[in-house]
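Examination of the molecular architecture
Each chain is listed here by its residues.
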Amino acid sequence: MTAWLVTRPETDALPVAKALEARGATAIVAPLMTIVDHAPPGFDGGDATGFLLTSANGARALARTAARRDLPVFAVGDGTAAAAREGGFLHVASAGGAVEDLASLVASSLSPSFGPLLHVAGTHLAGDLAALLDEQGFTVRRERFYEARAVEALPAAAVEALRDRAVEGVLLFSPRTAEVFVTLVGRAGLGGALQPLSALCLSAAVARRLDDRAWGRIAIAPRPDIAGMLSLVDAPAIRP
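Residues numbered from 1 in each chain as written. Predicted model: local features only at pLDDT ≥ 70, side-chain atom pairs only at ≥ 80, totals over all residues. Heavy atoms only, no water.

Turning to the pattern of salt bridges, a few remarks are in order. Overall, the coordinates contain eleven salt bridges when judged by the stated rule. For Glu147, the salt bridge identified is with Arg149, shortest N-O distance 3.1 Å. Salt-bridge contacts for Arg209 lead to Glu179; the nearest nitrogen and oxygen are separated by 2.7 Å. On the criterion of sequence distance, the pair formed by Arg209 in the loop between helix H8 (204-207) and strand S11 (217-220) and Glu179 in helix H7 (residues 175-187) is long-range, its members being 30 residues apart. The class of Arg209 is partly exposed, set by a relative accessible area of 41%. By relative accessible area, which is 38% here, Glu179 ends up partly exposed. Where salt bridges share partners, they join Asp47, Arg141 and Glu143 into one cluster. (Salt bridge = Lys/Arg side-chain N within 4 Å of Asp/Glu carboxyl O. Helix = DSSP H or I, 4+ residues; strand = E, 2+ residues; numbered from the N terminus. Buried < 20%, exposed > 50% of the residue type's maximum accessible area, 1.4 Å probe, protein only.)

Spelled out as structure tokens, the structure:
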């Protein structure tokens with residue numbers, strides 16, 4: 001039985017852990033970020049005619065405060081779209097991919113004359129959605145509804161697993177998480193423990209934050225979603 005470190009915030013880590021366990025693997029949940037809500041209470045959307053969501057955390061933050069659920073929602077991927085639907089939003093479309101795919105979905109679905117769009121974001125961004133849509137004539141306003149704060153030290157579960165060489169690898173879902181993981185592993189004096197491990201990355205942007213000389217394998221998901229990540233878990237690890 002293989003074991004994998006899941007580094008997402010706890011709410012997002014649970015479905016990944018369940019999917020791993022359904023495959024007969026062990027999931028070691030070791031969140032590297034805590035989510036702090038900054039959403040304004042009773043948010044009515046202002047002049048926004050639609051919402052843009054690039055994370056499930058953004059969807060949940062918006063759902064906690066939004067006074068309206070009838071405006072169209074465009075989500076970067078299926079997980080984010082599911083979180084928006086669970087939050088009660090009525091008209092949700094998923095780009096099923098990355099920020100570039102979300103920009104393409106919006107451009108193919110709306111005219112710039114539709115009106116201003118609100119990007120509900122965190123304090124750290126992966127990709128510039130506003131710039132991509134600005135090039136096509138859209139007006140996008142970005143508001144930070146949450147903050148993903150990096151933990152100060154590697155969670156105890158991760159330290160123990162790395163020290164005991166009890167894991168096959170780690171699932172990394174964002175460039176920032178990849179950077180934080182490597183930093184905290186070094187801070188814990190466990191840098192050498194990465195050499196036999198697989199780093200499973202949601203995207204090429206995540207993989208670029210890693211030094212391939214430090215890992216046994218760096219693999220990029222064929223699709224930037226949980227299903228794509230799990231396909232890497234299912235694939236045999238080919239070592240040099």
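Looking now at helix H9 (residues 226-234). Note on helix geometry: an α-helix contains 3.6 residues per turn, so any two residues three or four positions apart are oriented the same way. Listed as buried for H9 are Gly228, Met229, Leu230, Leu232 and Val233. Those residues of H9 that are buried are in contact with strand S1 (3-6), helix H1 (10-22), strand S9 (169-172), strand S10 (198-201) and S11. (Contact = heavy atoms within 4.5 Å.)

Quick look at the sheet that holds strand S4 (residues 50-53) now. Read from one edge of the open sheet, six strands run S3-S8-S7-S4-S5-S6, paired in mixed fashion. Of all strands in the sheet, those bounded by a partner on one side alone are strand S3 (33-37) and strand S6 (92-94). On average, each strand axis in the sheet is tilted by 25° relative to the strand beside it, whichever way the strands run. One ladder, built from four bridges, connects S4 with strand S7 (residues 117-122); its direction is parallel. If you follow Leu52 over to S7, its bridge partner there is His119. In the packing of helix H2 (residues 56-65) onto the sheet, the strands contacted are S3, S4, S7 and strand S8 (140-150), and the crossing angle to S8 comes to about 110°. Sitting on the sheet, helix H3 (residues 78-86) is in contact with S4, strand S5 (73-75) and S6, with an inclination near 170° to S6. (Pairing = 2+ DSSP bridges. Axes fitted to C-alpha atoms, helices over the stretch in contact; angles between N-to-C directions.)

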